[in-house]
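Overview (structure and organization)
As a plain string of letters, each chain reads:
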Amino acid sequence: MENILDKAFSTEDFRRQGHELVEMLADFLTDATSDQKDIHVMPWQDPQQQLEYWQQDLQKPAVSPLDLFKDVMARSVQVNKKRFVGHQTTPAVPVSILSSAVVAALNQGMGVYEMGMVGNTLEKVMTEHLAQKLGFTAEASGFVTSGGSLGNLTALLAARAAATQVWNKGFEPDQKLAVLVSEEAHYCIDRAARILGFGAEGIIKVPVNNKFQMRTDLLESYYRKATAAGKQVICVVGCASTTSTGSFDDLQAIAEFSQRHNLWFHVDGAHGAPSAFSPQYRHLVKGIEQADSVVVDYHKMMLVPSLSTALIFKRGADAYRTFSQRAQYLWSEQETEEWYNGGKRSFECTKAMSVLNIYTVFRTYGEAIFQENIERLYGMATSFAARIKTNPHFELATEPQCNIVCFRYKAAEDASGLNKEIRRQLLEDGRFYLVQTILNGELFLRTSIMNPLTQEQDLEELLAEIEKKAAALVESVE
Ligand SMILES: Cc1ncc(COP(=O)(O)O)c(C=O)c1O
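Residues numbered from 1 in each chain as written. Predicted model: local features only at pLDDT ≥ 70, side-chain atom pairs only at ≥ 80, totals over all residues. Heavy atoms only, no water.

Residue Ser241 follows Ala240 across a cis peptide bond; omega there is 10°. Cis geometry is adopted by the peptide bond preceding Leu307, which originates at Ser306 and carries an omega value of -15°. Along the chain, the position of Leu307 falls in the loop between α12 (298-301) and β7 (309-313). Although it is not a glycine, Asn262 adopts a positive phi angle of roughly 55°. Tracing the backbone through its elements, the reader meets Asn262 in the loop between α11 (251-260) and β5 (264-268). (Helix = DSSP H or I, 4+ residues; strand = E, 2+ residues; numbered from the N terminus.)

The following block contains the structure:
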């Protein structure tokens, strides 16, 4: 039998392919700012066709990995392109692409100190640095987990552990737990509450104002109504920011309310908490330092590849209450707070050392890169919104607070249908990628300006393209 394994582990092949890959990726990234007509952000293909392509590909003879990568790259949405203004995915700053290769090569397990000596230590260093930036005291600490959804679930588990015995004893008869959250919160909060056994009745959605921020003036009455219905509210979640419109809840007001009722205060800062890096925008997260827990996605506004999420606890020790459980083969001393044994506090056992990516960006460029990124992207969104407001054909859903702008082409009737069709056509053309969202029952176009290489001219071009498509669509029905 041919010795495939020895060939696969040949470092000579790796060296040659690695050099070629870096050349190929550098060309790919250089194309990110190209204005050529044939540069496509979205090589859209129907899911069934895509499936058939890869099913057939799997049957083909062995391929050079470089050819395979080229194919994958050409068929994927290109988040690094300057006309990608869709979801909140950052183009990975190039040095973090290199550090990702080191993460894969080292393949640390992370659950126990021995399997992640540097990684577990960097998680402590980085989350404590971020905690200080958000205004917490030295008591705050945290760790890195795989995604905002898992981070929010873990925080709500900690909130439940602080208020109940459910982790060890299960639910008491008639024990109905609940969480208060804005109706605009990311769906993962609703999902987390259901996973925790709160049921649909346990997710109390507080209405938003016309800026899509939680109506904190209603918190008291919603809380009283829940209590009167026999529910035990254990937590309030603040959004910094919401996903659809990038709106920031009044965290200060939520903090005061939570303190008054002795409730856990969690902030979903997956997208917007890094506003704290900018003196100009820090006011958006005022009050965040009073939260019991905060989630921040490094992979959204902090320029590194997915997934990498900081989960910070105001009192670092709270993290150890979440998963009190014996795993003798891993930890000899279960009851002690060992920050260096990552698995004690995290849902995950084996976990990527994704913290190396954010640490590399810090050590290479310093934290000023995050201030610059926030200010450039938020600034661009403000100018884009101003341009939309001066064009009589468009309407803005709400004034942007960060780098998310929702707007639409106006129409005498069925504006939702028209904008939906405009987006569908834009997706098919592939020169821009933007998404859509539903606000107050109406469909709006949604742009997240995530790429610091995007320019105002690209956004002008996007509006011009939308106008062109809208005019043709309106004409075709007249
Ligand atoms: C506000 C907010 N919270 C949580 C999430 C979920 O984060 P992740 O995709 O990292 O699981 C998102 C994702 O867009 C988000 O916008």
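A word on the packing of aromatic side chains. For the structure on display, the rule yields 15 aromatic pairs. Centre to centre, the rings of Tyr281 and Tyr378 are 4.7 Å apart; their planes meet at 70°, and the pair counts as edge-to-face. Here the residue Tyr281 occupies a position in the loop between β5 and β6 (293-297), and Tyr378 occupies one in helix α14 (residues 368-390), the gap between them amounting to 97 residues. One exposure class covers both Tyr281 and Tyr378, and it is buried. Each member of the aromatic cluster is reached from another via a ring pair, and the members are Phe384, Phe394, Phe407 and Tyr409. Here Lys81 stacks its cationic end above the ring of Phe28, 4.6 Å away from the centre of that ring. A cation sits over an aromatic face here: Arg83 above Phe432, 5.7 Å from the ring centre. (Phe/Tyr/Trp six-rings, centres within 6.5 Å; stacked < 30°, edge-to-face > 60°. Buried < 20%, exposed > 50% of the residue type's maximum accessible area, 1.4 Å probe, protein only. Lys NZ or Arg CZ within 6 Å of the ring centre and 35° of its normal.)

The next thing to look at is the site of the ligand. Neighbouring residues of the ligand: 14 residues in total, closest Gly148, Ser149, Thr243, Asp268 and Asp297. At 3.3 Å, a side-chain N or O of Lys300 approaches an oxygen atom of the ligand. In isolation the ligand offers 390 Å² of accessible surface; the protein chains occlude 86% of this area. Contributions of two or more residues to the shell around the ligand are made by α7 (148-163) and α12. The element contributing the most residues to the shell around the ligand is α7, with three residues. Residue composition of the shell around the ligand, grouped by class: two nonpolar, nine polar and three charged. (Near = heavy atom within 4 Å. Polar contact = N/O pair within 3.5 Å; in protein donor to acceptor, adjacent residues only side chain to side chain. Areas by Shrake-Rupley, 256 points an atom, 1.4 Å probe, with all protein chains shown as cover. Nonpolar A, V, L, I, M, F, W, Y, C, P; charged D, E, K, R; others polar.)

Its domain assignment divides the chain into domain 1 (102-365) and domain 2 (368-477). Each side of the interface is counted separately: domain 1 has 31 residues, and domain 2 has 21 residues. Inspection of the region where domain 1 meets domain 2 yields zero salt bridges. Counting every contact that joins domain 1 to domain 2 gives nine residue pairs in polar contact (both at pLDDT 80 or more). Looking at the side of domain 1 that touches domain 2, the elements with two or more residues in it are α12 and α13 (355-365). If you tally residues by element for the side of domain 1 that touches domain 2, the top one is α13, at four residues. In terms of residue class, the side of domain 1 that touches domain 2 is built from 14 nonpolar, 14 polar and three charged. (Domains from an automatic or database assignment. Contact = heavy atoms within 4.5 Å. Salt bridge = Lys/Arg side-chain N within 4 Å of Asp/Glu carboxyl O.)

Further remarks concern the pairing of strand β10 (residues 435-439). Of the two faces of β10, only one is covered, namely that formed by Val435, Thr437 and Leu439; the face formed by Gln436 and Ile438 stays uncovered. In terms of strand pairing, β10 meets strand β11 (residues 442-448) through five bridges, oriented antiparallel. Bridging across to β11, Ile438 finds its partner in Leu443. Here β10 folds back onto β11, and the loop between the two strands holds two residues, one of which, Asn440, carries a positive phi near 50°. (Pairing = 2+ DSSP bridges.)

Next up on the list: a nonpolar patch on the surface. Taken together, the side chains of Tyr113, Met117, Val118 and Tyr340 present a nonpolar region at the surface, about 350 Å² in accessible area. Here Val118 lies in helix α6 (residues 117-134). (Patch = residues over 30% accessible without salt bridge, like charges linked within 9 Å, V, L, I, M, F, W, Y side chains within 5 Å.)

Let us look at the layout of surface pockets. One way to see where empty space is left: roll a probe the size of a water molecule over the atoms. Of the voids in this model, the largest pocket is the one considered here, and its volume is about 570 Å³. Lining the largest pocket are 18 residues; nearest its centre among them are Phe14, Gly18, Leu21, Val22 and Ala101. (1 Å grid on protein atoms, 1.4 Å probe; cavity = no way out; pocket = protein on both sides within 12 Å on 5 of 7 lines; lining within 4 Å. Points joined across faces, edges and corners; volume = space filled by probe spheres on them.)

Another aspect to go through is the packing of helix α3 (residues 47-59) against helix α4 (residues 65-74). Two elements in contact, α3 and α4, have axes separated by 13 Å at closest approach and are oriented at 175°. Considering their axes alone, α3 and α4 lie roughly antiparallel with respect to each other. Across the interface between the two elements, Tyr53, Trp54 and Asp57 from α3 touch Leu68, Asp71 and Val72 from α4. Here the residues of the contact of α3 with α4 sort into four nonpolar, no polar and two charged. (Axes fitted to C-alpha atoms, helices over the stretch in contact; angles between N-to-C directions. Parallel < 35°, antiparallel > 145°, perpendicular 65-115°, else oblique.)

Along the chain, Ser247 turns up in the loop between β4 (231-239) and α11. For the pair Ser247 and Gly151, spaced 96 residues apart in the sequence, the C-alpha separation amounts to 20 Å.

Attention now goes to the pattern of salt bridges. In the structure shown here, the tally under the stated rule is 33 salt bridges. Across the pair Lys70 and Asp67 runs a salt bridge, and its minimum N-O distance is 3.9 Å. In this pair, Lys70 and Asp67 are both assigned in helix α4, three residues apart and thus about one turn of the helix distant. Exposure remark for Lys70: the relative accessible area of 46% places this residue in the partly exposed category. For the salt bridge of Lys344 with Glu338, the shortest nitrogen-to-oxygen distance reads 3.0 Å. Note on Lys344: relative accessible area 4%, which makes it buried. Shared partners join several salt bridges into a network, and the residues in it are Lys82, Arg83, Arg431, Asp458 and Glu461.

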